Amino acid sequence: MMNYKIEVVVGEYMLNNTDEYDDPILYDKENDSYHEDISFLLKWASKIQGPIIDIACGTGRAAIPLAKEGHQLIGIDIHSGMLNEAKKKTANLNLPIEWIEQDCTKFEMDVKSRMIYTVGNSFQHFLTNEAQDGLLSSVYKHLDNKGTFIFGTRFPSAEELLQPSIEEYWRTYTDSESGKKVDVYSISNYDSLSQIQHNTTIRRYKNSNDEIINEKRTNISLRYVFPQEMERMLSTHGFNIMHVYNDWNETPITKDSYQMIYVCEKV
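Remember, predicted model here, so these are calculated numbers, not experimental data.

1. Here's the deal with the overall build of the chain
Reasoning step 1: Counting secondary structure elements, the chain contains seven helices and 13 strands.
Reasoning step 2: Taking the principal axes of the C-alpha coordinates as reference, the chain spans close to 60 × 55 × 35 Å.
Reasoning step 3: Considering only residue pairs separated by 6 or more positions, the chain has 66% of its internal contacts joining residues 24 or more positions apart.
Reasoning step 4: When the accessible surface of the chain is split by element, carbon and sulfur atoms take 47% of a total near 13,200 Å².
Reasoning step 5: Looking at charge distribution, the chain has the averaged site of its 27 positive side-chain charges lying 2 Å from that of its 40 negative ones.

2. A few points about the environment of A158
Reasoning step 1: Mapped onto the secondary structure, A158 falls in helix α6 (residues 158-161).
Reasoning step 2: The class for A158 is exposed, based on a relative accessible area of 53%.
Reasoning step 3: Separated by 57 residues in the primary sequence, A158 and E215 place their C-alpha atoms 30 Å from one another.

3. Re the sheet that holds strand β10 (residues 196-206)
Reasoning step 1: Reading across from one edge, β8-β9-β10-β11 is the order of the four strands in this open sheet, with antiparallel pairing throughout. The two strands at the open ends of the sheet, each matched to only one other strand, are β8 (168-174) and β11 (212-223). Taken pair by pair, the neighbouring strands of this sheet meet at an average axis angle of 20°, ignoring direction.
Reasoning step 2: Summarising the sheet, strand β9 (residues 181-191) and β10 pair through eleven bridges and their orientation is antiparallel. Within the sheet, the bridge partner assigned to Y190 lies in β10 and is Q197.

4. Here we look at helix α1 (residues 24-31)
Reasoning step 1: Along α1, the residues classified as buried are P24, L26, Y27, D28 and E30.
Reasoning step 2: As for α1, its buried residues are in contact with α4 (80-90), β8, β10 and β11.

5. Remarks on the state of the cysteines
Reasoning step 1: Taken as a whole and judged by the stated rule, the model has zero disulfides.
Reasoning step 2: With no disulfide of its own, C104 lies 7.6 Å from the sulfur of C57, the closest cysteine sulfur.
Reasoning step 3: Free cysteine C264: the closest other cysteine sulfur is in C104, separated by 17 Å.
Reasoning step 4: A relative accessible area of 0% places C264 in the buried class.

6. Considering the pattern of salt bridges
Reasoning step 1: Overall, the coordinates contain 14 salt bridges when judged by the stated rule.
Reasoning step 2: One salt bridge in this structure joins D37 and R61, with 2.6 Å as the shortest N-O distance. Within this pair, whereas D37 is found in the loop between α1 and α2 (38-45), its partner R61 is found in the loop between β3 (52-55) and α3 (63-68), the two being separated by 24 residues in sequence. For the residue pair D37 and R61, the accessibility class agrees, reading buried in each case.
Reasoning step 3: In the salt-bridge network here, residues are joined through shared partners; they are E167, R204, E215 and R217.

7. Observations regarding the packing of aromatic side chains
The way to describe two aromatic rings as a pair is by their centre distance and the angle between their planes.
Reasoning step 1: Counted according to the given criterion, the structure contains eleven aromatic pairs.
Reasoning step 2: A ring pair is formed by F40 and W248, whose centres lie 5.1 Å apart and whose planes are at 70°; its orientation type is edge-to-face. Of this pair, F40 sits in helix α2 while W248 sits in the loop between β12 (239-245) and β13 (259-266), and the two are 208 residues apart along the sequence. For the pair shown, F40 and W248 are each scored as buried.
Reasoning step 3: Ring geometry for Y140 and F239: centres 5.8 Å apart, planes at 85°, overall edge-to-face. One end of the pair, Y140, is in helix α5 (residues 129-142); the other, F239, is in strand β12, with 99 residues separating them in the sequence.
Reasoning step 4: Judged by its relative accessible area of 4%, F239 falls in the buried class.
Reasoning step 5: Grouping aromatic residues by their ring pairs yields a cluster made of F123, F126, Y140, F149, F151, F239 and Y262.
Reasoning step 6: Lying over the aromatic face of W44, K47 brings its terminal NZ or CZ to 3.8 Å of the ring centre.
Reasoning step 7: Stacked on the ring of Y185, the Lys or Arg R204 has its end atom at 4.9 Å from the ring centre.

The rules behind each value
Residues numbered from 1 in each chain as written. Predicted model: local features only at pLDDT ≥ 70, side-chain atom pairs only at ≥ 80, totals over all residues. Heavy atoms only, no water. Helix = DSSP H or I, 4+ residues; strand = E, 2+ residues; numbered from the N terminus. Contact = heavy atoms within 4.5 Å. Areas by Shrake-Rupley, 256 points an atom, 1.4 Å probe, with all protein chains shown as cover. Lys, Arg positive; Asp, Glu negative; His and termini not counted. Charge placed at Lys NZ, Arg CZ, Asp CG, Glu CD. Buried < 20%, exposed > 50% of the residue type's maximum accessible area, 1.4 Å probe, protein only. Pairing = 2+ DSSP bridges. Axes fitted to C-alpha atoms, helices over the stretch in contact; angles between N-to-C directions. Disulfide = S-S within 2.5 Å. Salt bridge = Lys/Arg side-chain N within 4 Å of Asp/Glu carboxyl O. Phe/Tyr/Trp six-rings, centres within 6.5 Å; stacked < 30°, edge-to-face > 60°. Lys NZ or Arg CZ within 6 Å of the ring centre and 35° of its normal.

Here it is, written out as structure tokens:
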């Protein structure tokens, strides 16, 4: 029998899997402009009353817009730095949000919700079967009967998984504070035994002469789940899949999809 090792998981993050979140301000610069999931969440939030729970909420990219529309939010994350930034962003806004630092695989609150979600492909941070089971058990425990659980994760297509393990250009953006151009590259290595893709992101900062003046590297590991595997997992944990989409615009899923957006009901 072949033996292989999966690194120890603490909550939703591996011990060495927090690089992308150790700089919350940089995270916001690169991700705050993404809004595709917000209108989708607002559509479902409009159907319910009571608190909504945002798992792996980060700096509140999704929770804050929902709260601004009058919904009561509870944001849960294990990363204190991200939560501190979320608190700073909402300190003077008087929004109905409670920020809680807890392990999302075993969070405990005296609250039942009609809607729980996790976005930003956060489902992929639960790297082992035990971590995934812990997450889904915790969600089930805190959902009302017939409550809704919404999440997205990347589709495990051959193009997504079998990327060459060489440095590849991803995108370029301008840093909002310094005005410097940032070229972003990535390196990916997929381990088919653990279904985990190990990624390195390289950011090269350039001056006005297009010369590299700084470089920042971060690492992150992401678990991929196949559709049939996900269906069995969700059913085992007491969820009925109501919808599966290719994107937040409710496009039907296909074999060439990039994402899997799940809308589940507690049964």
